[in-house]
Amino acid sequence: MKFLRKTFDKYKPLFNKGGKFEKFAPGFNAFDTLFFVPDHTTKTGAHIRDGVDLKRIMVTVIFALVPATIFGMWNIGFQHFSQLGESKPFLELLLYGAIRFMPMVAVSYGVGLGIEFLFGIIRGHEINEGYLVSGLLIPLVMPIEMPLWMLGVSVAFAVLIGKEAFGGTGMNIWNPALVARAFAFFSYAPSMSGDKVWVVDAATTDGISGETILGTLAANDEATYSVFDMFMGYIPGSVGETSVLMILIGALFLILTGVGSWRIMLSTVLGGALMGLVFNAFGVNELMKFPWWQHLLVGGFAFGAVFMATDPVSAAQTRTGKWIYGFLIGIFAILIRVFNGAYPEGVMMAILLMNVFAPTIDHYVIGANIKRRKKRLKAT
Amino acid sequence: MPSPLIAKMERFSHCALKPSDFKGLTPKLNIKEGNEVVVGDPLFHDKSNPKIVFTSPVAGVVDKVVRGAKRRIASVVVKANKQQTFKDFGIGDPKNSSTATIKAKILESGCWAFIKQRPYDIIANPADQPKAIFVSSFDSHPLSNDYSFSLSSKKEDFKVGLEVLSKLTEGDVHVGLDQEVSFFESSCEGIAQTTRFIGKHPAGNVGTQIAHINPINQGERVWVVNAQDVTIIGALFRTGNYMPYRNIALVGSQVDNPCYYQVTIGQGMGSIIRGKIDETHPYRIISGNVLTGSKVTKDGFIGFYDNEITVIPEGKIHRFLGWIPFVGSRSVHSNSRTSFSWLFSKTAYQPNTNLNGEERAMVVTGEMERVMPMDIYPMQLLKAALAKDIEKMEQLGIYEVAPEDFALIDYISSSKIEAQEIIREGIDLMIKEVG
C-alpha cells in the first residue's frame with residue numbers, strides 16, 4: 001500500500017497544474033482515486049463529512065448485481081447444453097458462460113470508460129463514477145449472441161448521446177443502459193429479437209431453440225416452462241434478467257443499504273400486477289391469458305424494476321413522485337408487452353417513456369408544496 | 001464531555017471584531033489606529049444603516065485595522081488595557097420603558113448585532129416590525145455549548161433579556177426548550193411562550209423551531225437571538241454596561257481537557273488554546289461547531305457569535321480502498337447504510353477534516369430529505385439557487401431557511417456538494433434583487 005502511494009505521489013506532479021501532462025490529470029486522478037480516497041480536506045461549509053461517496057454507492061449496486069451476473073453466466077452454459085440434451089457440472093457451465101460473457105463486459109467498460117476519459121480530459125473535469133454501474137448493466141440486458149462490435153457501437157451511442165451530450169453523470173434524462181439496449185434493438189433488430197439470439201448457437205444448431213417465454217406467448221402458444229423454472233431462472237433470456245431469485249437477493253441488498261428505492265420497486269410491481277389482472281379479465285389471446293403474477297417473473301420485468309427503474313438520476317426525485325413513476329412503469333410495461341407481440345420487451349420501453357415524464361411528475365408533486373406555501377400566505 | 005466547571009480565561013492581549021462575521025455588512029470605520037476606546041465605544045458601523053454600530057469588547061487602544069482583498073476591512077484589532085473601563089448606557093427597566101427607548105439603548109451599545117432576522121439570516125433592521133421573536137435555549141450541534149449549564153449563573157440576565165425582547169415585537173417571544181428540565185422554563189413564565197423540542201439535531205436550530213411553531217411567509221420578518229446573547233442584552237439593562245463576556249466550551253478530540261471558559265467576545269485564539277491542544281498531529285481550529293463554524297488560525301480571534309471552539313485533526317491523508325462499503329465502519333462515520341456505523345451508535349468517533357470523496361453532480365435522491373425536518377424540498381431548492389432562479393427559490397421556501405439549516409446536508413451528501421455555500425449565495429441574490 002505504501003509503495004503504491006509513493007508511486008502515485010512520485011508521478012502526481014507531472015499531472016498537476018503546470019506539469020507536463022496537465023491535460024491528462026482527470027485520467028491520472030481516476031486511477032489514483034480508484035485505489036485511495038483522496039486527501040482533500042474541507043475548504044468551506046461543514047468541516048467534517050460523511051464517509052459515503054459516489055464510488056461507494058456505485059460499488060454497492062455492483063455488489064447487488066453480482067448474484068444475477070454469476071447465475072447469468074452459468075445459465076448461458078446451462079441453456080446451451082441442456083437443450084442439446086447434455087448434462088454438465090456446475091463449474092463447467094459457469095466457465096462456458098464466463099468465456100462468452102466476459103468479452104462483452106470488457107467491451108462495455110472499455111468503450112464506455114474510454115469515452116468518459118476522453119470527455120473528462122476534453123472538458124477538464126474529474127471522471128465520474130456513473131459508468132461503473134451502467135458498464136455492467138449493459139451486457140446484462142443484451143442477448144448472449146450479440147456481436148461484440150454491435151455492443152461497442154451501442155455503448156458508444158449510449159455514453160455519447162445518452163449521457164455526455166446532456167452534461168455527463170447526474171444530468172442524463174434516460175437510463176444510459178436502456179439507451180444502449182434501445183439503440184441496439186432499433187438499429188439491429190434481427191440480432192436483438194426473435195428466437196435465435198438468446199441461447200448460444202441457437203442460430204446454427206437445429207436442436208437448440210432460443211425462444212423465450214414471451215416469444216412463445218406472442219406466437220399464441222402456451223409457455224412450456226414451469227413457474228419454478230421462471231422463478232429460478234432456468235429459462236432463455238438476456239444474461240441478467242432470467243433469475244428472479246438472484247434479482248430479489250440484489251433487491252434486498254439495495255433496499256437494506258438504502259441505495260435502491262424500495263418505493264420504485266414496489267410500485268412497479270403493483271402497476272404491473274394491476275395491468276396483468278386487467279388483461280386476465282379479458283383473456284382474448286395467450287398473452288392476455290398469461291397469469292398476472294407470472295408476468296412479474298418473465299422477461300426483463302424483475303430486472304427492470306430493481307436495477308433500471310431505480311436509477312436515481314433518470315427516475316422521479318420526490319418521494320411521492322417515485323410511487324407514481326414506478327406504478328406507471330409497471331402499467332406500461334405489461335401494456336406494451338401484451339398489445340404488441342413484436343416488442344416482447346415492454347419493460348425497456350416503459351422505463352424510457354417514464355424517464356421522459358419523471359420531471360413532469362416531480363413538477364406536479366412539488367407544485368403541491370408550492371401551493372401549500374401560497375395558501376399559508378393567503379391565510380395570514 | 002467538557003468538565004462541569006467554568007474556568008476563567010487567562011489574561012489576553014488582543015481582541016478583534018471581524019466584519020465578515022456579519023453577513024451582508026459593508027462596514028465604515030468610526031475610529032483610526034491609535035484611538036483609545038472603552039468597552040462600548042463604536043469601532044465601525046453599517047454603511048447602509050449607520051445606527052447599527054459594532055462596539056469594542058475591551059477598553060484599550062485600537063492596534064490595527066487589517067485590510068484584505070480590495071481594501072475590505074478584514075478585522076479591527078484592539079490592544080486591551082490591564083484595567084477595563086465601560087461606557088455607561090444607563091440602567092433600564094424594560095417593563096417600564098418604551099420600545100423606542102429600548103431600541104435606542106440596544107443600538108447605542110452595539111448589542112443590536114445580536115438581533116438577527118429571518119429571512120436571510122442577517123442583522124435585523126430596527127425599522128421593521130417582526131411578527132415574533134424566537135430564541136432557542138439549546139444547541140444540538142455536535143459538541144456544542146450546553147446553555148443550561150453555562151448560562152445557569154446568568155439566569156437573571158436571561159429573564160431581563162427576554163423582557164427586553166418582548167418589547168420589540170407586537171407578537172410573541174418564543175423560547176424553544178429541549179427535553180431536559182432547565183431554568184429556562186421558569187425564566188419564561190409570563191414573558192415568553194415555550195415549546196419543547198425532543199429529538200436529534202437539528203432540533204436545536206432556531207430555523208427548525210420556527211418552521212414548526214409559525215413558519216415564515218413571503219414579506220414577513222421574524223427576529224432570532226442566541227440564548228447567550230439574550231443574557232448580554234439583559235446585562236446591558238441590568239448594569240447599564242455592555243458586558244461582552246461569553247461562557248464558551250473548548251471541545252474536540254484534539255483538546256487535552258475539554259472545559260468551559262469565560263472569554264471576551266473577539267478574544268485572541270492564542271490565549272484561549274495555548275497549551276491545551278495535542279500538538280503531535282496537524283489540527284484545525286474551528287470557531288464555532290464542526291458543521292457551521294469557521295476555520296481560524298492560532299493568531300486568529302474567536303468569532304463574534306461563537307459559543308464554542310472545536311479543535312479536530314486535519315484529515316490530509318489517503319485511505320486505501322476507502323470507498324469499499326462496510327469496511328472501516330468504526331473509524332469513519334457514515335449516516336448511510338453503506339456502513340455499519342448505525343450498529344456502533346454509542347461509539348465516539350474522532351472525525352477529521354477529510355472530504356471522504358470528491359465533489360460530484362447530485363445523483364442520489366432521498367438522502368437530503370432525511371435530514372431536513374421542514375416542509376422544504378432541499379435538493380430542488382439547492383438547484384434553484386444554483387440556477388439563480390429567484391422565482392423558483394421564492395416558491396420553494398428560500399425565506400424560511402438559513403445556511404445552518406443545510407449544514408447536515410453538507411455533511412451527509414454523497415456528492416459532497418457545498419450546500420451551505422449555495423444557500424448563502426442564493427440568499428445574497430435574494431437580498432440584492434428582492435430586498
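About the criteria used
Residues numbered from 1 in each chain as written. Chains lettered and ligands numbered in written order. Predicted model: local features only at pLDDT ≥ 70, side-chain atom pairs only at ≥ 80, totals over all residues. Heavy atoms only, no water. Helix = DSSP H or I, 4+ residues; strand = E, 2+ residues; numbered from the N terminus. Rg over C-alpha atoms; globule rule 2.2 N^0.38 Å. Buried < 20%, exposed > 50% of the residue type's maximum accessible area, 1.4 Å probe, protein only. Areas by Shrake-Rupley, 256 points an atom, 1.4 Å probe, with all protein chains shown as cover. Lys, Arg positive; Asp, Glu negative; His and termini not counted. Charge placed at Lys NZ, Arg CZ, Asp CG, Glu CD. Axes fitted to C-alpha atoms, helices over the stretch in contact; angles between N-to-C directions. Left-handed = near helix turned anticlockwise from the far one by under 90°. Contact = heavy atoms within 4.5 Å. Nonpolar A, V, L, I, M, F, W, Y, C, P; charged D, E, K, R; others polar. Pairing = 2+ DSSP bridges. Disulfide = S-S within 2.5 Å. Buried area = accessible area lost by both parts, 1.4 Å probe. Salt bridge = Lys/Arg side-chain N within 4 Å of Asp/Glu carboxyl O. Polar contact = N/O pair within 3.5 Å; in protein donor to acceptor, adjacent residues only side chain to side chain. Expected span 1.5 Å × (residues − 1). pLDDT = per-residue confidence, 0-100. Patch = residues over 30% accessible without salt bridge, like charges linked within 9 Å, V, L, I, M, F, W, Y side chains within 5 Å.

K.L.:
Please explain the overall build of chain A as it appears in this structure.
P.N.:
Each helix and strand counted, chain A has 17 helices and one strand in total. Compactness check: chain A gives a C-alpha radius of gyration of 23 Å against a globular reference of 21 Å for 380 residues, within 12% of the reference. Judged by the C-alpha coordinates and their principal axes, chain A covers about 70 × 65 × 35 Å. Counting the 380 residues in chain A, one finds 56% classified as buried. In the form shown here, chain A has an accessible surface area of approximately 16100 Å², with 69% of it arising from carbon and sulfur atoms. When the 30 positive and 25 negative side-chain charges of chain A are each reduced to one mean point, those points stand 17 Å apart.

K.L.:
Help me understand the packing of helix α4 (residues 90-123) of chain A against helix α5 (residues 130-140) of chain A in this model?
P.N.:
The relative placement of two packed helices is expressed as an angle between their axes plus a distance between the axes. Residues and elements named next belong to chain A. Closest axis-to-axis distance for the α4/α5 pair is 9 Å, and the angle between their directions is 140°. Classified by chirality, the crossing of α5 by α4 is right-handed. Touching Phe-101, Met-104, Val-105, Ser-108, Tyr-109, Gly-112, Leu-113 and Glu-116 of α4 are Tyr-131, Leu-132, Gly-135, Leu-136, Ile-138, Pro-139 and Leu-140, all from α5. Residue composition of the contact of α4 with α5, by class: 11 nonpolar, three polar and one charged.

K.L.:
Looking at this structure, how should I read the sheet that holds strand β6 (residues 49-55) of chain B?
P.N.:
Picture the strands of a sheet paired through backbone hydrogen bonds; they go either parallel or antiparallel. Residues and elements named next belong to chain B. The sheet built from three strands is open, its strands ordered β3-β5-β6 with antiparallel pairing. Strand pairing shows two members of the sheet lacking a second neighbour, β3 (27-29) and β6, which therefore form its edges. Going from strand to strand, the sheet's axes swing by 35° on average, the running direction of each strand aside. In this sheet, strand β5 (residues 42-46) lies alongside β3 in antiparallel orientation, the contact comprising three bridges. Its bridge partner being in β5, Lys-28 is matched across the sheet by His-45.

K.L.:
Can you walk me through the state of the cysteines in this structure?
P.N.:
Here, the word disulfide means a covalent bond between the sulfur atoms of two cysteines. Residue and element names in this part refer to chain B. With the rule as written, the count across this model stands at zero disulfides over all chains. Summary of cysteine pairing: Cys-111 is not part of a disulfide, and the nearest cysteine sulfur, belonging to Cys-15, is at 15 Å. You can call Cys-111 buried: its relative accessible area is 0%. With no disulfide of its own, Cys-259 lies closest to Cys-15 among cysteine sulfurs, the gap being 20 Å.

K.L.:
What exactly am I supposed to notice about the pairing of strand β8 (residues 73-80) of chain B here?
P.N.:
Sheet faces and side chains relate simply in a regular strand, where the side chains alternate between the two faces. All names here are of chain B. With six of eight residues buried, β8 lies mostly within the body of the structure. Across four bridges, the pairing between strand β2 (residues 14-17) and β8 is antiparallel. Within β8, the position partnered with Leu-17 by the bridge is Val-76. Pairing between strand β7 (residues 60-67) and β8: seven bridges, direction antiparallel. Note that in β8 the partner of Val-66 across the bridge is Ser-75.

K.L.:
It is not clear to me how the environment of Thr-60 of chain A should be interpreted in this structure. Could you clarify?
P.N.:
Among the secondary structure elements, Thr-60 of chain A is positioned in helix α3 (residues 54-83). Looking at Thr-60 of chain A, the relative accessible area reads 0%, which means it is buried. Filtering out sequence-adjacent residues up to four positions away, Thr-60 of chain A remains in contact with Phe-253, Leu-254, Thr-257 and Val-259 of chain A together with Pro-325 and Thr-338 of chain B.

K.L.:
I'm lost on the interface of chain A and chain B in this one. Help?
P.N.:
Interfaces are often sized by the amount of accessible area the parts lose when they come together. The interface is formed by 57 residues belonging to chain A together with 75 residues belonging to chain B. Between chain A and chain B the total buried area reaches about 6000 Å² when both faces are included, carbon and sulfur atoms providing 55% of it. The largest per-residue losses of area from chain A upon contact with chain B belong to His-47, Arg-49 and Arg-56 of chain A, which jointly make up 14% of the total buried on that side. Where chain A meets chain B, there are six salt bridges. There are 35 residue pairs in polar contact (both at pLDDT 80 or more) connecting chain A and chain B. Of all the secondary structure elements, the ones that give two or more residues to the side of chain A that touches chain B are α1 (2-15), α2 (25-35), β1 (36-37), α3, α11 (244-256) and α17 (346-379) of chain A. The greatest single-element share of the side of chain A that touches chain B, amounting to nine residues, is contributed by α17 of chain A.

K.L.:
Got a minute to help me understand unusual backbone geometry in this structure?
P.N.:
Both trends apply: most residues other than glycine have a negative phi, and most peptide bonds are in trans. Residues and elements named next belong to chain B. Here the bond from Arg-118 into Pro-119 is cis, since omega is 5°, no more than 30 degrees from zero. Counting through the fold element by element, Pro-119 comes out in the loop between β9 (116-118) and β10 (122-123). Positioned with a positive phi, Arg-71 is a non-glycine residue whose angle comes to about 60°. Summarising the element assignment, Arg-71 is placed in the loop between β7 and β8. Assessed through its relative accessible area of 60%, Arg-71 is described here as exposed. One non-glycine residue, Leu-321, lies in the positive phi region at around 50°. Structurally, Leu-321 is set in the loop between β20 (319-320) and α8 (378-386). Leu-321 gets classed as partly exposed once you look at its relative accessible area, which sits at 27%.

K.L.:
Explain helix α6 (residues 227-239) of chain B to me, please; I cannot follow it from the model alone.
P.N.:
Residues lying three or four places apart along an α-helix face the same way, a consequence of the helix completing one turn every 3.6 residues. Residues and elements named next belong to chain B. Spanning 13 residues, α6 covers 19 Å between terminal C-alpha atoms, matching the ideal 18 Å at 1.5 Å per step. Of all 13 residues in α6, 11 are buried, a share of seventy percent or more. Listed in full, the buried residues belonging to α6 are Ala-227, Gln-228, Asp-229, Val-230, Thr-231, Ile-232, Ile-233, Gly-234, Ala-235, Leu-236 and Phe-237. Residues of α6 that are buried sit in contact with α1 (99-109), β11 (132-136), α2 (147-150), α3 (155-166) and β15 (245-251). At the N-terminal boundary of α6, the capping side chain belongs to Asn-226, with an oxygen 2.8 Å from the backbone nitrogen of Gln-228. The first or second residue beyond α6 is Gly-240, which carries a positive phi of 85°.

K.L.:
Help me understand the confidence of the model for chain B in this model?
P.N.:
Parts of the prediction with low pLDDT should not have their coordinates interpreted in detail. All names here are of chain B. Taken over all residues, the pLDDT of chain B has a mean of 93, while the share at 70 or more is 99%. Ranking the helices and strands of chain B by mean pLDDT puts strand β14 (residues 222-224) first, with 97, and strand β1 (residues 3-8) last, with 75. Across the interface, the model reports ipTM at 0.93; the global pTM reads 0.93.

K.L.:
Could you clarify how one ought to interpret a nonpolar patch on the surface in this entry?
P.N.:
Residue and element names in this part refer to chain A. Side chains of Ile-255, Trp-262, Leu-266, Leu-270, Leu-274, Val-278, Phe-282, Val-284, Trp-323, Ile-324 and Phe-327 sit close together on the surface and give an oily, nonpolar patch of about 980 Å² of accessible area. Top contributing element to the nonpolar patch by residue count: helix α12 (residues 262-282), with six residues. By the element assignment, Leu-274 lies in helix α12.

K.L.:
Hey, could you run me through the environment of Met-243 of chain B in this one?
P.N.:
Residues and elements named next belong to chain B. Structurally, Met-243 can be placed in the loop between α6 and β15. Here the alpha-carbon distance between Met-243 and Thr-264, two residues 21 residues apart in the chain, equals 8.8 Å. Excluding residues that lie within four positions of it along the chain, Met-243 makes contacts with Phe-86, Ile-232 and Ala-235.

K.L.:
When you look at the pattern of salt bridges in this model, what are you seeing that I'm missing?
P.N.:
Following the criterion strictly, the structure yields 29 salt bridges over all chains and no others. Linking Lys-88 of chain A and Glu-92 of chain A is a salt bridge whose minimum nitrogen-to-oxygen distance equals 3.7 Å. The exposure class of Lys-88 of chain A is partly exposed, given its relative accessible area of 30%. By relative accessible area, Glu-92 of chain A is classed as partly exposed at 39%. Among the charged side chains, a network of salt bridges with common partners joins Lys-116, Arg-118, Asp-121, Glu-404 and Asp-405 of chain B.

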